[in-house]
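Topology and contacts: notes
Each chain, written out:
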Amino acid sequence: MTRKMTDAQLAYERKRAAKANKSLDEWLKAKAKAEIKATPAKPEPTKKPGLLRRLVERGHKPL
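In this report, we go over the structure that sits alongside the text. (Residues numbered from 1 in each chain as written. Predicted model: local features only at pLDDT ≥ 70, side-chain atom pairs only at ≥ 80, totals over all residues. Heavy atoms only, no water.)

1. Things to note about the overall build of the protein chain
Tallying secondary structure elements over the protein chain gives three helices and zero strands in all. Reading the protein chain from its N terminus to its C terminus gives the helix and strand order α-α-α. What you see for the protein chain is a C-alpha radius of gyration of 25 Å, clearly larger than the 11 Å of a compact globule of 63 residues, by over 25%. Seen along its three principal axes, the alpha-carbon backbone of the protein chain occupies a region of about 75 × 20 × 15 Å. Of the roughly 6400 Å² of accessible surface on the protein chain, a fraction of 58% belongs to carbon and sulfur atoms. (Helix = DSSP H or I, 4+ residues; strand = E, 2+ residues; numbered from the N terminus. Rg over C-alpha atoms; globule rule 2.2 N^0.38 Å. Areas by Shrake-Rupley, 256 points an atom, 1.4 Å probe, with all protein chains shown as cover.)

Pasting the structure below:
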């Protein structure tokens, strides 16, 4: 992990690593890998065209 952890967070992660029979470094690497894997790639939400664009499109439509 690249971010700094407080002493309490480190102690918590050490306990979890001990439960999983891993070293703290192995545990943090596995946790980071699982975090990346679990995060689904969200598609970019499509934006509604602005007022000017809608008016121009409407102007191009035949009567």
